[in-house]
Every structure is written in structure tokens, then in C-alpha cells.
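In case you want the letters, here they are:
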Amino acid sequence: MKLPDLSEERSELGRSLLARGAITAAWMDAFEAVPRSAFLPEVMWPYDMAAGTHVAVDLRQEPGLWFQYADADVPIVTQWDDGKPSGEGVRVPTSSASMPSVVFRMLRDLDVQAGHTVLEIGTGTGWNAGLLAHRLGVDSVTSIDIDANVADAARDHLAAQELLGVVLTRDGALGDPSGAPYDRVIATAGIRTVPPEWIAQTRPGGVIVAPWGTHFSNSDAIVRLRADNAEASGRFTGPVEFMKLRSQRLPFEGHDAYLEEGMAGAKRSTTDVTEGELLGEGRFDPRTFAIGLRVRDCHRVVAEKRDGARPMWFYGLKDRSWACVMFRDGRLEADVWQEGPRRLWDEVREALGWWHGADQPDFERFGLTAAMDGSQRAWLDSPENAWPV
């Protein structure tokens with residue numbers, strides 16, 4: 001197969017990343033020497049921004065289009081449903097190549113220096129490990145993936161680029177005690193709790209970078225933690241969305257588990273909070289992140305709008321509490337139903353009011369402190385202004 005020459009497209013991506021501050025000059029050599037395309041499967045599912053969905057692209061059938069996506073700033077799914085044969089219903093993406101802008105933002109936050117050792121959680125395609133190995137040397141990078149097939153493919157990709165270091169097949173939540181302590185730990189899977197093992201395996205003064213969030217939504221934010229002997233603490237640097245660490249996936253049993261008897265017995269009321277006030281501007285609006293920090297053990301589902309009506313559901317993850325707010329076009333007030341030991345809508349409304357009262361903080365004003373006992377505290381502006389999450 002004659003491969004197209006898309007070097008100019010790749011150079012344009014590099015210039016764009018540099019101009020936007022997504023990549024630093026220190027990483028440009030690795031970007032140019034370690035192409036993402038060398039780590040992608042022949043059949044992949046890039047996210048088409050215009051269509052708003054993933055599209056299947058086969059290198060053997062559409063090489064030009066395949067390389068265009070490989071060198072574009074888009075996320076690419078490389079595995080569905082943990083590699084199981086596709087069946088009926090909605091497929092769930094379970095391995096991917098992240099957007100280059102996100103990859104290099106996280107590497108910037110990691111702040112590696114010559115002589116550092118790095119533990120990567122979530123090998124995926126192997127591209128991130130390859131970039132680190134090019135910068136630090138193959139003996140300085142250890143990567144872990146729980147999926148044997150994913151890890152095997154990554155080893156092949158890394159070996160082909162002469163960048164193969166240690167790639168372990170195991171649960172990344174457990175880290176790698178045999179190689180500890182590490183100067184840097186980076187996770188490429190979303191987490192809801194910082195595993196104590198990561199803190200224990202990070203050298204005092206070392207850095208942990210990971211996509212962290214709550215079960216309130218699927219979104220994450222990059223957190224940069226500095227470790228000491230007992231805990232790790234630091235600020236969030238911006239929103240992202242990652243596939244979740246398998247051991248920390250959403251423990252939601254589904255709508256029917258909460259409404260076995262329907263809505264007839266629920267407490268009814270109304271609210272003057274509007275749909276726009278609650279949702280903000282898109283899935284990365286900081287108010288959603290803030291509400292998730294304040295309303296513990298709650299999962300939100302925003303339904304599709306039909307006939308001018310949109311229900312928004314809230315489910316308690318430690319009991320069967322639930323709430324529903326029904327927004328209707330043209331109505332000044334929305335109907336509210338609540339049931340269970342918690343009044344989840346009241347909690348959500350209070351959290352939204354708290355966010356407004358704190359001058360609508362963005363992601364960078366929030367921080368996280370994670371302890372060796374598994375407890376976590378979120379904070380606003382300073383670790384002294386903290387609460388459990």
C-alpha cells in the first residue's frame with residue numbers, strides 16, 4: 001500500500017498545539033519523532049467533530065482519511081466493550097487514543113525532568129509511554145494496562161519504534177510496588193478515588209497527574225497532586241473526559257431500580273431554577289463539576305428533550321433516593337419530584353447556590369487532597385477550605 005504524504009498536516013498540528021499552549025517546546029522533539037499514527041490499529045473510530053459521533057475508518061480502505069484523523073486533534077476509540085464481540089444495544093468505548101492537545105497538557109502538568117522515573121496507569125495504544133520513553137529513556141518508564149490484548153498491542157507498537165520499556169498487565173489501581181518509588185505517576189484513565197497505592201509509590205515531593213471527577217457526571221478534570229509520606233494534594237488544571245479505571249466505573253444500577261413503584265408516591269414541588277442555570281454551557285461547565293463536589297454519592301442523567309420537555313434525573317448511589325426535575329419550554333417554573341431518605345434536588349439546588357455565592361469558581365480554583373486511608377477532601381482556593389468528597 002502506498003501511504004499518503006501527510007507530513008504537512010502533522011506539522012500543522014504541531015504548530016497549532018504550540019500556538020495554543022497545549023504543548024511546550026520541551027515536548028516538540030518527541031512529538032515530531034513519535035507519531036501517533038504508529039500506535040493506532042488499522043480499524044479505528046475517531047470522533048468526527050462536525051457529525052458529533054464516532055466514525056469507523058479502515059486504513060486498508062481509506063488510507064488518506066485514516067492518516068488525516070491520526071494527525072488531527074481528535075480522540076480516537078480503539079476498543080469497544082472491553083474487546084468483547086459487539087452485540088445489541090449501545091456500545092461502550094473502553095480504550096482510546098486521547099486528543100493530542102489533552103495528552104500534551106497532561107505531560108506539561110507532569111513536568112518530567114532528566115533522570116525522573118515515571119509510572120503510567122493505562123497504557124492504551126502506547127503512544128503516551130512512547131513519548132515519555134523518547135524524552136527520558138526506555139528504562140525510566142513503566143506502564144500498566146489491565147487488558148492483556150491492549151497491553152500486547154502496545155508492546156508491539158513500542159517495540160517497532162524502539163521505545164519498549166516495561167509494560168505490565170495488571171490492575172493499574174495497584175500500581176507497581178516493585179519499581180517504586182517513582183518521581184512521577186500519570187494516569188490516562190479517569191478516577192473517582194486516588195488509589196492509596198499511587199501515593200505510597202510516589203517519591204516524597206513527586207507528582208501525580210490524573211483525570212479525576214465524581215460520579216455526578218462522566219466528566220473529569222486534570223488534577224496535579226504533590227505527594228508526601230501521608231497524602232497528596234494539589235489543584236485542578238482544566239476539564240477533560242476519560243474512560244474510567246475499570247475498578248472505579250459508575251456503580252449505577254439503572255433507572256428501574258429506583259422507580260419500582262413509579263412516581264406516584266414522590267413528594268412534589270416546583271422550582272424557579274431554569275434549565276440553562278442548571279446546565280450552564282456544555283458538559284464542561286464548571287458548575288456541574290462544583291455541584292458534583294458538593295452533592296456526594298449522586299449521579300445525574302440529563303435526558304433528551306422531547307416535545308419541548310426535558311427531564312433531569314438525580315440518583316443516590318448509597319440508597320434509593322431519587323429526584324426528577326421536568327423543564328418545559330415556555331414555563332417559568334419546573335416540576336420537581338423527590339423520593340427517598342435524601343432530598344437530592346434540594347441538595348443540588350443548595351450546591352448551585354453555593355457555587356454562585358463563591359463567585360462562580362472555575363476549575364482552577366478547586367483542589368483535592370487524597371490521603372493514604374482512601375479519604376479525599378475537595379477544597380476551594382486553599383486546602384484549609386476543604387470538605388469530604
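This section reports on the structure supplied with the text. Bear in mind the structure is a predicted one, so any value in this text is a computation, not a measurement.

**A word on the overall build of the protein chain**
On a plain count of helices and strands, the protein chain comes out with 10 helices and 20 strands. Against the globule reference of 21 Å for 389 residues, the protein chain gives a C-alpha radius of gyration of 22 Å, in line with a compact fold. Across its three principal directions, the C-alpha atoms of the protein chain cover 65 × 50 × 40 Å. Summarising the internal contacts of the protein chain: among those between residues at least 6 apart in sequence, 58% fall at separations of at least 24. For the protein chain, the exposed area adds up to about 17600 Å²; of that, 49% sits on carbon and sulfur atoms.

**Some details on the layout of surface pockets**
In this structure, the second largest pocket spans a volume of roughly 390 Å³. If you trace the second largest pocket, you find 19 residues lining it, with Arg192, Thr193, His215, Asp297 and Val389 closest to the centre. Class assignment of the residues belonging to the lining of the second largest pocket gives a composition of 8 nonpolar, 7 polar and 4 charged.

**Some details on empty space enclosed by the protein**
If you walk through the whole model with that rule in mind, you get 3 cavities of 30 Å³ or more. One number sums up the size of the largest cavity: a volume of about 80 Å³. Around the largest cavity sit 13 residues that line it, and Ser217, Ser219, Asp220, Thr288 and Phe289 are the ones nearest its centre. Tallying contributions element by element places helix α9 (residues 286-294) first for the lining of the largest cavity, with 3 residues. In the lining of the largest cavity, the residues fall into 4 nonpolar, 6 polar and 3 charged. Taken as a whole, the second largest cavity encloses approximately 50 Å³ of empty space.

**Describing the side chain of arginine 105**
For arginine 105, the position within the fold is in helix α4 (residues 100-110). Buried and unpaired, arginine 105 has aspartate 109 as its nearest opposite-charge partner, separated by 6.1 Å. In this structure the side chain of arginine 105 is engaged in a polar contact, spanning 3.5 Å, whose partner is the backbone oxygen of proline 239. With sequence-adjacent residues up to four places away left out, arginine 105 is seen in contact with Ala22, Ile222, Gly238, Pro239 and Val240.

**Remarks on the pairing of strand β19 (residues 376-380)**
The side chains of a regular strand alternate, residue by residue, between the two faces of the sheet. Where burial is concerned, most of β19 is hidden: 4 out of the 5 residues are buried. Counting the residues between successive antiparallel strands, the hairpin from strand β18 (residues 366-371) to β19 contains 4 residues, one of them, glycine 374, with a positive phi of roughly 90 degrees. Connecting β19 to the antiparallel partner strand β20 (residues 386-388) that follows it, the hairpin turn spans 5 residues, and aspartate 381 within it adopts a positive phi of roughly 75 degrees.

**Observations regarding the sheet that holds strand β17 (residues 334-339)**
Across the sheet, 5 strands lie side by side as β13-β17-β16-β15-β14; this open sheet has antiparallel pairing. The open sheet terminates on both sides in strands that have one partner only, identified here as β13 (267-271) and β14 (298-302). Averaged over all pairs of adjacent strands, the angle between their axes in this sheet comes to 20 degrees, without regard to strand direction. Pairing of strand β16 (residues 322-328) with β17, which is carried by 5 bridges, proceeds in the antiparallel orientation. The residue bridging alanine 323 from the neighbouring strand is glutamine 338, located in β17. Of the strands in this sheet, β13, β14, β15 (309-316), β16 and β17 are in contact with helix α10 (residues 344-357), which crosses β15 at around 100 degrees.

**Here we look at the environment of glutamate 281**
Its location among the elements puts glutamate 281 in the loop between α8 (275-279) and α9. As a C-alpha pair, glutamate 281 and serine 219 span 62 residues in sequence and 14 Å in three-dimensional space.

**Focus: the sheet that holds strand β7 (residues 141-145)**
With respect to topology, 10 strands assemble into an open sheet ordered β8-β7-β6-β9-β10-β11-β12-β18-β19-β20, the strand pairing being mixed. At either end of the open sheet lies a strand with only one pairing partner, and these are β8 (166-169) and β20. Pairs of neighbouring strands in the sheet enclose a mean axial angle of 20 degrees, with direction left out of account. Across the sheet, α4 is in contact with β6 (118-121), β9 (182-187), β10 (202-212), β11 (220-227) and β12 (231-240); its angle to β10 comes to roughly 160 degrees.

**Here we look at the packing of α9 against α10**
Interaxial distance between α9 and α10 falls to 9 Å at its minimum, and their mutual angle equals 120 degrees. When the axes of α9 and α10 are compared, the pair comes out oblique. Considering only the axes of α9 and α10, their crossing is right-handed. Between α9, through Pro286, Arg287, Ala290, Ile291 and Arg294, and α10, the contact on the second element is made entirely by Val348, Ala351, Leu352, Trp354 and Trp355. Residue classes in the contact of α9 with α10 are distributed as 8 nonpolar, no polar and 2 charged.

**Some words on helix α5 (residues 127-136)**
Judged by how many residues are buried, α5 sits mostly within the fold: 8 of 10 residues are covered. Every buried residue of α5 is listed here: Trp127, Asn128, Ala129, Gly130, Leu131, Leu132, Ala133 and Leu136. Taken together, the buried residues of α5 touch α2 (28-33), α4, β6, β7, α6 (148-160) and β9. Phi for glycine 137, located one or two positions after α5, is positive at around 105 degrees.

So, how was this worked out
Every residue gets a number counted from 1 within its own chain, in the order that chain's sequence is written. Selection of residues for local features in this predicted model requires a pLDDT of at least 70, selection of side-chain atom pairs for listing and counting requires 80 or more, and totals for whole chains, interfaces and linings are taken over all residues. Side-chain metrics rest on all non-hydrogen atoms present in the structure, leaving aside hydrogens and water. Going along the chain from the N terminus, every DSSP run of H or I of four or more residues is numbered as a helix, and every run of E of two or more is numbered as a strand. With C-alpha atoms as the basis for the radius of gyration, the globule rule is written as 2.2 Å multiplied by the number of residues raised to the power 0.38. We call two residues in contact when some of their heavy atoms are within 4.5 Å. Using a 1.4 Å probe, the Shrake-Rupley method yields the accessible areas, and only the shown protein chains count as cover for residues. The pocket and cavity definitions rest on a 1 Å grid over protein atoms only: a 1.4 Å probe that fits but cannot leave marks a cavity, an open set with protein on both sides within 12 Å along at least five of seven lines marks a pocket, and residues lining either have an atom within 4 Å of a point. Grid points are joined across faces, edges and corners, and a volume is the space filled by probe spheres set on the points. Classification convention: Asp, Glu, Lys, Arg as charged; Ala, Val, Leu, Ile, Met, Phe, Trp, Tyr, Cys, Pro as nonpolar; all other residues, Gly among them, as polar. Burial classes: relative accessible area under 20% of the type maximum marks a residue as buried, over 50% as exposed, and values in between as partly exposed (1.4 Å probe, protein chains only). Two residue types count as positive, namely Lys and Arg, and two as negative, namely Asp and Glu; His and chain ends fall outside the count. When a carboxyl oxygen of Asp or Glu lies within 4 Å of a side-chain nitrogen of Lys or Arg, that pair is called a salt bridge. Here a polar contact means two N or O atoms within 3.5 Å. Within protein one must be a hydrogen donor candidate and the other an acceptor candidate, and residues neighboring in sequence count only if both atoms are side-chain atoms. Strands qualify as paired when DSSP identifies two bridges or more between them. To obtain each axis, a line is fitted to C-alpha atoms, and for helices this fit is confined to the stretch in contact; angles are then taken between N-to-C directions over 0 to 180 degrees. Angles are sorted into four bins: roughly parallel if under 35 degrees, roughly antiparallel if over 145, roughly perpendicular if 65 to 115, and oblique for all others. If you view the pair so one helix is near and one far, a crossing is left-handed when the near helix is turned anticlockwise from the far one by less than a right angle, and right-handed when it is turned clockwise.

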